[in-house]
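One-letter residues, chain by chain:
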Amino acid sequence: MSDYQIKGFAAYKSTYQKSVKEPEAFWDEIASENFVWQKKWDTVLDWDFSKPEVKWFEGAQLNITENCIDRHLETRGDKTAILFEPNDPSEATQHITYNELSERVNRFANVLKSNGITKGDRVCIYLPMIPELAVSVLACARIGAIHSVVFAGFSSTALSTRINDSDCKMVITSDGSYRGEKTIDLKGIVDEALQECSVVETVLVAKRINSDIQMKEGRDKWLQLELGAASAFCKPEMMDAEDPLFILYTSGSTGMPKGMVHTTAGYMVYTAYTFSNVFQYQENDVYWCTADIGWITGHSYIVYGPLANGATTVIFEGTPSYPDCGRFWAIVEKHKVNQFYTAPTAIRALAKESLDNLEGYDLSSLKVLGTVGEPINEEAWHWYDENIGKKKCPIVDTWWQTETGGILISPIPNCTETKPTYATLPLPGTQPALFDENGVELEGNNLEGSLCIKYPWPSMARTIWGNHNRYRETYFSAFPGTYFTGDGALRDGDGFYRITGRVDDVIIVSGHNLGTAPIEDAINEHPLVAESAIVGFPHDIKGSALYGYVTLKEKALSRNPDDLRLEINQMIADLIGLIAKLDKIQFTNGLPKTRSGKIMRRILRKIACGEVDNLGDISTLLNPEVVEDIKENVI
Ligand code: WT7
């Protein structure tokens, strides 16, 4: 099954060259030889970035769950597909074999059907990291329903916005979730969200914490009861290659989150191919990605990519610090994890703790380490390499995005070199390019510019749900004819890429992509706030943290500033989620603006980063005097 796994640098070079010279022949061969299709495609690729329109494997029919489950049953039926590690280390691990996964997905698919869900319907999934999350995703795919997983850390308002944007008919949730020592009332959050959602007909509730919750008559149903009544086989729905598989929301630089739409065949082929290559997965390996399935990392590299390869994938419910900061390493030892994939923010948090947390754990099973979500700094890279990989595990610094569906730039272990802080080389099928601010492509090496991708790859998002114009504007207008990533990058003398960070109003906090606009909108909801601006500043653990400049209305003068700070953060927690809370809030008399009224975030960013002597020319501002005041009162 690992026919498409690259071995050695020479193979990487020739594979890459073929993928650029003959992309259609390249993907045609990979797709033909490594997947099951009900019907083969008529054309490999049809594309036009000016519309933009991209179609891979048109004419083909398939079901992704046949590829992720059914085809493995004959040879891997008793192999563990999902290894579930609960929040509480004293609760038993679950080994879910491919046979069991098949039965659970089929039953769940029948439950969806008996509750009126059919092909093309949208189903919102708001669950903790328990096996039902992966099972419900696959059950949707089995019947052709479009899943929209919302990370269970989002607030009720964020949830209702996402449910309404794509008109979900059903929500799948649980009675609650465990997080370290805490429990969270997920069902209560769903109930609150649904006061704003008229399209939802059914809520399926999985029992996890056995809390006493309210069930709304006629709307809410216990999942376990429904499953018990469902039959154990559900015929897979045959999908067209370009039928949507899922929607996943990501924040942008304006208010509404963007519902990125991923389609079936290209996404499957690309995530499977890259999983096998980037992690060099071997048949009996145990692979663990610590992300939440609520993010694209979990969709592509906990669920679809690993299962399409017949892999054993770990689902971990808990946190890295519970019951102590050795938990990750306890799990690596317990399950003899071979590939471990996490975020730089987690590495930095653990690196701050004592090395005693590693004491006594046998990490010798590890072969490959991965990072994702934000640039990894040199110090964290070396800590990971020395203390976790013992200098013998290649680190794959994987660069990609919700929009790209799969990893585009990354080392391939034992094939290409690693270099600290560099995502290094493009994977086969990826044609990166750097552009300057005049829209001119930068040729040659030792250059820095805006990172774009010049040619389609199979797992790229096809549109934004309900807003194709916004898709074109956001990704295909800055540099016409190419896909603009929103990231800056430099290319060194060897052609290795280093991602330097966002060039737009998106800030990456602990690996979470946060748009400034939605947070500012949330702050401005506070009755005493006149206006606000958010910027990022460097933070030891989170990478970047949020700094808010807030101008208050006059009636706020009598209020205690610290109380106001708490209220503003509560507002953000309610409207978005805890991940978007501000680390620092400075009250200002005004915000620096251009003559056309645009807030100059560049100046605010410099002040927040302590670069007050280096603000550039501020004389063209509408109100240069506020800058002095802001500088003096910086936190
Ligand atoms: C943004 C995408 C891809 C899944 C997780 C995040 C940043 C991602 C890296 C990396 C430097 C990275 C980029 C990108 N990013 N991986 N290895 N090195 N930056 O998905 O929430 O869509 O965020 O995360 O800025 O554009 P996302």
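The rules we used
- Counting of residues starts from 1 at the beginning of each chain's written sequence and follows it residue by residue.
- Reporting in this predicted model follows two pLDDT cut-offs: at least 70 for local features of residues, and 80 or more for side-chain atom pairs to be given and counted; totals over whole chains, interfaces and linings ignore these cut-offs and use all residues.
- Side-chain numbers come from the whole structure's heavy atoms, not from hydrogens or water.
- Strand pairing is assigned whenever DSSP detects at least two bridges linking the two strands.
- Runs of H or I in DSSP of at least four residues are treated as helices and runs of E of at least two as strands, each being numbered from the N terminus.
- Handedness rule for crossovers: strands pointing away from the viewer, path from the first strand over the helix to the second running clockwise, crossover right-handed.
- Being near a molecule or strand, for a residue, comes down to having at least one heavy atom within 4 Å of it.
- Under the rule applied, a polar contact is a pair of N or O atoms within 3.5 Å (in protein, one hydrogen donor and one hydrogen acceptor; residues adjacent in sequence only if both atoms are side-chain atoms).
- What sets the accessible areas is the Shrake-Rupley method with a 1.4 Å probe; for residues, cover comes only from the shown protein chains.
- Think of it as three bins: nonpolar holds Ala, Val, Leu, Ile, Met, Phe, Trp, Tyr, Cys and Pro, charged holds Asp, Glu, Lys and Arg, and polar takes everything else, Gly as well.
- Only protein chains enter the accessibility calculation, which uses a 1.4 Å probe. A residue is then buried if its area is under 20% of the maximum for its type, exposed if over 50%, and partly exposed in between.
- The domain limits used here are those given by an automatic or database domain assignment.
- When checking whether two residues touch, look at their non-hydrogen atoms; a contact exists if any pair is within 4.5 Å.
- Throughout, the accessible surface (probe 1.4 Å) given up by two parts as they are put together, summed over both, is called the buried area.
- Criterion for a salt bridge: a side-chain nitrogen of Lys or Arg within 4 Å of a carboxyl oxygen of Asp or Glu.
- To get an axis, a line is fitted to the C-alpha atoms, and for a helix only the part in contact is used. The angle between two axes follows their N-to-C directions and goes from 0 to 180 degrees.

Asker: Can you walk me through the pairing of strand 30 (residues 584-588) in this structure?
Answerer: A regular strand places its side chains so that they alternate between the two faces of the sheet. Of the strand pairs in this sheet, strand 29 (residues 543-552) and strand 30 are connected by 5 bridges, and their pairing is parallel. Across the sheet, residue G548 finds its bridge partner in strand 30, namely I585. In this fold, the crossover linking strand 29 to strand 30 by way of helix 17 (residues 561-575) has right-handed handedness.

Asker: So what exactly am I meant to see when it comes to the site of the ligand here?
Answerer: Taken together, 18 residues are adjacent to the ligand, and D397, T398, T402, D487 and R502 come closest. Between D397 and the ligand, the recorded distance is 2.7 Å, taken from a side-chain N or O atom to a nitrogen atom. Contact distances for the ligand include 3.0 Å between an oxygen atom and a side-chain N or O atom of N513. Relative to its free-state accessible area of 560 Å², the ligand is covered by the protein chains to the extent of 95%. At the level of elements, helix 11 (296-308), strand 20 (395-398) and strand 25 (497-502) are the ones that each hand at least two residues to the shell around the ligand. Split by residue class, the shell around the ligand holds 7 nonpolar, 6 polar and 5 charged.

Asker: Is there a simple way to explain unusual backbone geometry in this structure?
Answerer: Trans peptide bonds make up most of the peptide bonds, and negative phi angles are found at most residues other than glycine. Following K51, the chain continues to P52 via a peptide bond in cis, the omega torsion being -20 degrees. Of note, P52 is situated in the loop between strand 1 (43-48) and strand 2 (53-58). For the peptide bond that leads from Y322 to P323, omega is -5 degrees, which places it in the cis range. At T424, a residue that is not glycine, the phi angle is positive and equals roughly 70 degrees. For T424, the position within the fold is in the loop between strand 20 and strand 21 (432-435). Taking the relative accessible area as the measure of exposure, T424 reaches 0% and is therefore buried.

Asker: Explain the domain arrangement of the chain here, please?
Answerer: Put simply, an interface is often sized by how much accessible area is lost when its parts join up. Domain annotation of the chain identifies domain 1 (9-319 + 398-489) and domain 2 (510-632). Inter-centroid distance (C-alpha atoms) of domain 1 to domain 2 is 34 Å. The interface is formed by 13 residues belonging to domain 1 together with 15 residues belonging to domain 2. Roughly 880 Å² of surface becomes buried between domain 1 and domain 2 when both sides are summed, with 52% attributable to carbon and sulfur atoms. Linking domain 1 with domain 2 are 0 salt bridges. Among the elements that make up the side of domain 1 that touches domain 2, the one with the highest residue count is helix 7 (residues 156-165) (3 residues). Looking at the side of domain 1 that touches domain 2 residue by residue, the class counts come to 3 nonpolar, 10 polar and no charged.

Asker: Just checking my understanding: could you explain the sheet that holds strand 25 for this structure?
Answerer: The strands that make up a sheet pair up through hydrogen bonds in the backbone, lying either parallel or antiparallel. The 4 strands are arranged 21-22-24-25 in an open sheet whose pairing can be described as antiparallel. Either end of the sheet is taken by a strand with one partner, and the two such strands are strand 21 and strand 25. Direction aside, the axes of adjacent strands within the sheet are offset by 45 degrees on average. Where strand 24 (residues 483-491) and strand 25 come together, 5 bridges link them in antiparallel fashion. The residue bridging L490 from the neighbouring strand is R498, located in strand 25.

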